[in-house]
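# Fold and contact review
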Amino acid sequence: MTSTTDALSVLKGMYAAEAGYFAAGGPGKATFAPLAPFFSPDVVLHQADGLPYGGIWRGHEGMERFFLAMGATWDVFDMLEQSFLSETSPLVVLTHVHVRARTTGRELDFPILQTITVEDGRIAEVRPFYWDTAAIAAACTNYHSADDRLPRS
């Protein structure tokens, strides 16, 4: 079990490494190596199936592929504000983000609530909950919304 201070330190360290990763070019350009120590070798990331990068991503290789999928989806992914709602594992983090879809150029602002389990000083599981996965998917496609299947002209 990881103490409260250790779990929060691990998470904040990962966010700092992630910022450095994106500053160095991000997926496909920067190396995943600075992020790897923050994740358990058998980490599991659960993304909602309705997202362009939905599914379950496992281990360091899965996390690396996830970051590539995120990079292919978003031209901009800015974390504007974060609130740590729980300081014990599983940590609960509310993040407000601003994104711009790479394929459509559409921009969105939305919250993501994540539960993050830290075990033995590493992130073992991440479960993000998005406010509106249909709006996110629609921003990445040539459709008005998830319910409107007519292409934009």
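Note that the coordinates shown come from a computational prediction; the quantities given were computed from them, not determined experimentally. (Residues numbered from 1 in each chain as written. Predicted model: local features only at pLDDT ≥ 70, side-chain atom pairs only at ≥ 80, totals over all residues. Heavy atoms only, no water.)

### Re the confidence of the model for the protein
Averaged over every residue, the pLDDT of the protein is 86; residues scoring 70 or more account for 89%. Confidence, read as mean pLDDT per element, is least for strand β8 (residues 148–151) in the protein (45) and greatest for strand β1 (residues 39–47) (97). In the predicted structure, residues 148–153 sits below a pLDDT of 50 and forms eleven contacts with residues beyond four places in sequence or in another chain. (pLDDT = per-residue confidence, 0-100. Helix = DSSP H or I, 4+ residues; strand = E, 2+ residues; numbered from the N terminus. Contact = heavy atoms within 4.5 Å.)

### What to know about the packing of aromatic side chains
Tallied over the entire structure, the rule returns eight aromatic pairs. Here F32 and F67 contribute two aromatic rings whose centre-to-centre distance is 6.1 Å and whose plane-to-plane angle is 50°, an arrangement assigned as tilted. On the criterion of sequence distance, the pair formed by F32 in the loop between α1 (4–23) and β1 and F67 in helix α2 (residues 59–73) is long-range, its members being 35 residues apart. Both residues of the pair, F32 and F67, count as buried. Judged by centre distance (5.8 Å) and plane angle (65°), the ring pair of W57 and F66 falls under edge-to-face. (Phe/Tyr/Trp six-rings, centres within 6.5 Å; stacked < 30°, edge-to-face > 60°. Buried < 20%, exposed > 50% of the residue type's maximum accessible area, 1.4 Å probe, protein only.)

### Some details on the pattern of salt bridges
Counted according to the given criterion, the structure contains five salt bridges. A salt bridge links R65 to E61; its shortest N-O distance comes to 3.9 Å. With R65 and E61 both in helix α2 and four residues apart, the pair spans about one turn of that helix. (Salt bridge = Lys/Arg side-chain N within 4 Å of Asp/Glu carboxyl O.)

### Here's the deal with a nonpolar patch on the surface
A surface patch of nonpolar side chains, amounting to about 290 Å² of accessible area, comprises L85, L113 and F129. Of note, F129 is situated in strand β6 (residues 122–130). Of the residues examined, F129 reaches a relative accessible area of 46% and is grouped as partly exposed. (Patch = residues over 30% accessible without salt bridge, like charges linked within 9 Å, V, L, I, M, F, W, Y side chains within 5 Å. Areas by Shrake-Rupley, 256 points an atom, 1.4 Å probe, with all protein chains shown as cover.)

### Thoughts on the nonpolar core
Of all hydrophobic cores here, the largest spans 37 residues; its most connected members are L11, L35, F39, Y53, W74, I116 and I123. Breaking this core down by element, the ones donating at least two residues are α1, β1, α2, β4 (91–101), β5 (107–119) and β6. No other element matches the eight residues that α1 contributes to this core. Contact partners of L11, with chain neighbours within four places excluded, come to F84, L91, V93, I116 and I123. (Core = buried A, V, L, I, M, F, W, Y, C linked by side-chain atoms within 4.5 Å.)

### Structural notes on unusual backbone geometry
With the exception of glycine, the majority of residues adopt a negative phi angle, and the majority of peptide bonds are in the trans configuration. Note that the residue after S89, namely P90, is joined by a cis bond; omega there is 5°. Mapped onto the fold, P90 is located in the loop between β3 (74–86) and β4. The backbone phi angle of D120 is positive, close to 50°, even though this residue is not glycine. Assignment of secondary structure puts D120 in the loop between β5 and β6. Accessibility expressed as a relative area gives 70% for D120, which makes it exposed.

### Some remarks on the sheet that holds β5
Taken together, the six strands give an open sheet; going across it, the order is β2-β1-β6-β5-β4-β3, and neighbouring strands pair in mixed fashion. On the outer flanks of this sheet lie β2 (55–58) and β3, each paired with one strand and no other. Direction aside, neighbouring strands of the sheet carry axes that sit 20° apart on average. Note that β1 and β2 share four bridges and pair antiparallel. What sits directly across from Q47, in β2, is G55. Of the strands in this sheet, β1, β2, β3 and β4 are in contact with α2, which crosses β1 at around 40°. (Pairing = 2+ DSSP bridges. Axes fitted to C-alpha atoms, helices over the stretch in contact; angles between N-to-C directions.)

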